[in-house]
Amino acid sequence: MTQRIVDILHEVEPRENIEVDGWIQTVRTSKSVTFFEIGDGSCIQNLQAVASVELSNYDALQKVQTGSAVHIVGKLVASPAKGQKWELHISEMNVLGTVDEDYPLQKKRHSFEFLRTVAHVRPRARTFGAVFRVRHALQMAVHRFFDDRGFIQVHTPIITGSDCEGAGQMFRVTTLDMNAPPRHDGSIDYSQDFFGKETSLTVSGQLEGEIFALAFKNIYTFGPTFRAENSHTARHAAEFWMIEPEMAFCDLSRDQQVAEDFIKYIVTQVLERCSDDIDFFDQWIDKGLREKLESLVNSSFETLPYTEAVSLLEKSKQKFEYPIKWGLDLQSEHERFLTEQLIQKPVFVIDYPRDIKAFYMRLNDDEKTVAAMDLLVPKVGEIIGGSQREERIDVLDAQLQYFDLSPVDYWWYRDLRRFGGVAHAGFGLGFERALMYITGMQNIRDVIPFSRTPGSADF
RNA sequence: UCCUGCUUAGCUCAGUCGGUAGAGCGGGUGGCUGUUAACCACUAGGUCGGCGGUUCAAGUCCGUCAGCAGGAGCCA
């Protein structure tokens, strides 16, 4: 097997007989020497391969184009010129895959918008090489964090029959003939559908996650999630991945502690394992990124009750587009002002008004607020949302009634409170949102290999 | 769904006061003793998003439709 370029570039001394497979990123030719930059996706740097005029096929090599797949044998020597430590002096070079003249990637910057239209070659562009290496490293860090702490990953269902997963438009899953669905009393008869009932793609694995938390104590879900909202923004996708840990025998304050440890751990892991990629993002995508990430890791997070947050914002005299008032949800401008100006570090806002949060969040003793938390970080705002869950059956029933939900639909969720129910808590993190924060990329479509958004499901 | 903006060469863009279209990159040809978004010369490449209108004349002004992007709402 040939060596990966990342390993070749980390050699400590010159070596004969290096073999490398990769794609040509750019070519510079002159009469007697031609430089190829070879990339294989293993790192942000390319390997400079040098062809001299003595090669028997030099004339042909001069015409090899950007994008070609090549196999090169050569000698690794210290590079005499600036720009790279090592370079490969070619003794043999074969083109394994040629490139037609309409190859879309050029040696200049393309717009991300254009690159989305050529998602089949986009991963070969430097920025996207870095994005998807970091995506992988981040994903591994998530699993490592939980595995190290004894959390079990639960594969919650992607197709769900419960209509009670929370807000958000759902994608219907059906095998019925859409041109002529069976009807009963005028409406569509889902009893004849594949599952014998109406089914959809999941919008959250949290409720199922609670089932497993009440057996394994500490669990997490990490899987695809679907929202059929017609959202045209840089932060929304129809298909994304979500991480939802759930812990039994756990209150809100330990939930916060785990969230803080978690976010620091995954950022630290990426800083260590993808250092060159982070430097690339820092230089080209988001100046100051490394400093932002390092300061997140090194800060101790604050905790601020919602009620205090509101009065701080009211006292600040800052002008906001949206009003500040107890009982209203914090807008993203408020969240950013809190974490960037008032607190100047990551902050958990906790104990939100009952009316603006979900039914399953644990009612506080004041009966006006619930044990919810949002982690706000500078530059982004909310990055994690979580809560302690209501474990008291009578209070849960009152909450269902308060939010006009049917206890029958939540029969197994209620059972959990009757069968050894105990205090438990968890939080949710959008994987792509975290990836955007860590890479500085500003559009969710550019951190997903093949994104699905309203009106767009190419590739 | 609402608001705003954009659509000119394969790509990134310029195009003034309305007068029949430009550059760089990429492709092709040639040159160059080591380049780093290499450089130099030449060359091919366009129904200016579609339709309609105003005008002697529309890439440019007006209307409309489409596509895309951003913001709002909603949320992760």
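What this report covers is the structure whose coordinates are included nearby. (Residues numbered from 1 in each chain as written. Chains lettered and ligands numbered in written order. Predicted model: local features only at pLDDT ≥ 70, side-chain atom pairs only at ≥ 80, totals over all residues. Heavy atoms only, no water.)

## Digging into the layout of surface pockets
Here comes step 1: Here the second largest pocket defines a volume of roughly 610 Å³.
Here comes step 2: Lining the second largest pocket we find 26 residues, and of these Gln106, Lys108, Arg109, Ala125 and Arg126 sit closest to its centre.
Here comes step 3: Of all elements in the fold, only strand S1 (15-29), helix H3 (112-117), helix H4 (126-148) and helix H7 (275-284) reach the threshold of two or more residues within the lining of the second largest pocket.
Here comes step 4: Take the lining of the second largest pocket: its biggest share by element is five residues, from S1.
Here comes step 5: The residue inventory of the lining of the second largest pocket, partitioned by class, reads eleven nonpolar, eight polar and seven charged.
Here comes step 6: Among the domains, domain 1 (5-97) and domain 2 (123-167 + 203-446) are the pair contributing at least three residues each to the lining of the second largest pocket. (1 Å grid on protein atoms, 1.4 Å probe; cavity = no way out; pocket = protein on both sides within 12 Å on 5 of 7 lines; lining within 4 Å. Points joined across faces, edges and corners; volume = space filled by probe spheres on them. Helix = DSSP H or I, 4+ residues; strand = E, 2+ residues; numbered from the N terminus. Nonpolar A, V, L, I, M, F, W, Y, C, P; charged D, E, K, R; others polar. Domains from an automatic or database assignment.)

## Focus on the protein's contact with RNA strand B
Here comes step 1: Lining the immediate environment of RNA strand B, one finds 46 residues, of which Glu87, Lys107, Lys108, Arg433 and Asn443 sit closest.
Here comes step 2: Between Arg28 and RNA strand B, the recorded distance is 2.5 Å, taken from a side-chain N or O atom to a base oxygen.
Here comes step 3: At 2.4 Å, a side-chain N or O of Glu87 approaches a base nitrogen of RNA strand B.
Here comes step 4: For the surface near RNA strand B, the secondary-structure elements that each account for two or more residues are S1, strand S2 (33-39), strand S5 (86-97), H3 and strand S13 (239-248).
Here comes step 5: A per-class count over the surface near RNA strand B returns eleven nonpolar, 21 polar and 14 charged. (Near = heavy atom within 4 Å. Polar contact = N/O pair within 3.5 Å; in protein donor to acceptor, adjacent residues only side chain to side chain.)

## Points about unusual backbone geometry
Here comes step 1: Not every positive phi belongs to a glycine, and Gln344 is a case in point at roughly 60 degrees.
Here comes step 2: Counting through the fold element by element, Gln344 comes out in the loop between helix H10 (332-342) and strand S15 (347-353).
Here comes step 3: The class for Gln344 is exposed, based on a relative accessible area of 58%.
Here comes step 4: Not every positive phi belongs to a glycine, and Glu367 is a case in point at roughly 60 degrees.
Here comes step 5: Summarising the element assignment, Glu367 is placed in the loop between S15 and strand S16 (369-377).
Here comes step 6: In this structure Glu367 comes out as exposed when scored by relative accessible area, which is 56%. (Buried < 20%, exposed > 50% of the residue type's maximum accessible area, 1.4 Å probe, protein only.)

## Topic: the pairing of strand S4 (residues 69-78)
Here comes step 1: Within S4, eight of the ten residues are buried, which leaves it mostly tucked inside the rest of the structure.
Here comes step 2: Note that S1 and S4 share seven bridges and pair antiparallel. By the bridge assignment for S4, Glu19 is matched with Val73.
Here comes step 3: Where S4 lies against S5, ten bridges are found, and the strand directions are antiparallel. Counterpart to Val70 in the pairing with S5 is Val95. (Pairing = 2+ DSSP bridges.)

## Some details on the packing of aromatic side chains
Here comes step 1: What the rule picks out here adds up to 23 aromatic pairs.
Here comes step 2: Here the aromatic rings of Phe222 and Phe431 are separated by 5.1 Å at their centres, their planes lie at 55 degrees, and the arrangement is tilted. Of this pair, Phe222 sits in strand S12 (residues 218-226) while Phe431 sits in helix H13 (residues 431-439), and the two are 209 residues apart along the sequence. Per residue, the accessibility class of Phe222 equals that of Phe431, and both read buried.
Here comes step 3: A centroid spacing of 5.8 Å and a plane angle of 75 degrees characterise the contact between Tyr306 and Trp326, whose relative ring orientation is edge-to-face. With Tyr306 in helix H9 (residues 306-315) and Trp326 in the loop between H9 and H10, this residue pair connects regions lying 20 residues apart in the sequence. (Phe/Tyr/Trp six-rings, centres within 6.5 Å; stacked < 30°, edge-to-face > 60°.)

## Describing the sheet that holds S1
Working definition: the strands of a sheet are paired by backbone hydrogen bonds and lie parallel or antiparallel to each other.
Here comes step 1: Strand order in the closed barrel formed by five strands is S1-S2-S3-S5-S4, and the pairing between neighbours is mixed. For this sheet, the mean inter-axis angle between neighbouring strands, taken without regard to orientation, is 55 degrees.
Here comes step 2: The pairing of strand S3 (residues 47-52) with S5 spans three bridges and is classified as parallel. When the sheet's bridge partners are listed, Gln48 is paired in S5 with Glu87. (Axes fitted to C-alpha atoms, helices over the stretch in contact; angles between N-to-C directions.)

## A word on helix H5 (residues 206-216)
Here comes step 1: Listed as buried for H5 are Gln206, Leu207, Glu208, Gly209, Glu210 and Ala213.
Here comes step 2: Looking at the buried side of H5, the elements it contacts are strand S7 (159-160), S12, S13, helix H12 (411-418) and strand S18 (424-430). (Contact = heavy atoms within 4.5 Å.)

## Looking at the sheet that holds strand S8 (residues 172-173)
Here comes step 1: The sheet built from three strands is open, its strands ordered S7-S11-S8 with antiparallel pairing. Strands with a single pairing partner mark the edges of an open sheet, and in this sheet they are S7 and S8.
Here comes step 2: When S7 meets strand S11 (residues 199-201), the two strands line up antiparallel, connected through two bridges. Bridged to Ile159 within S11 is Leu201.

## Topic: H12
Here comes step 1: Listed as buried for H12 are Trp412, Tyr413, Asp415, Leu416 and Arg417.
Here comes step 2: For H12, the secondary structure elements touched by its buried residues are H5, helix H11 (393-402) and S18.

## Topic: the pairing of S12
Here comes step 1: Buried residues dominate S12, accounting for nine of its nine residues.
Here comes step 2: Of the pairings in the sheet, the one linking strand S6 (residues 152-153) to S12 comprises two bridges and is parallel in character. Considered in S12, the bridge of Ile152 is made with Ile219.
Here comes step 3: Note that S12 and S13 share nine bridges and pair antiparallel. Residue pairing in the sheet places Phe226 in a bridge with Glu239 of S13.

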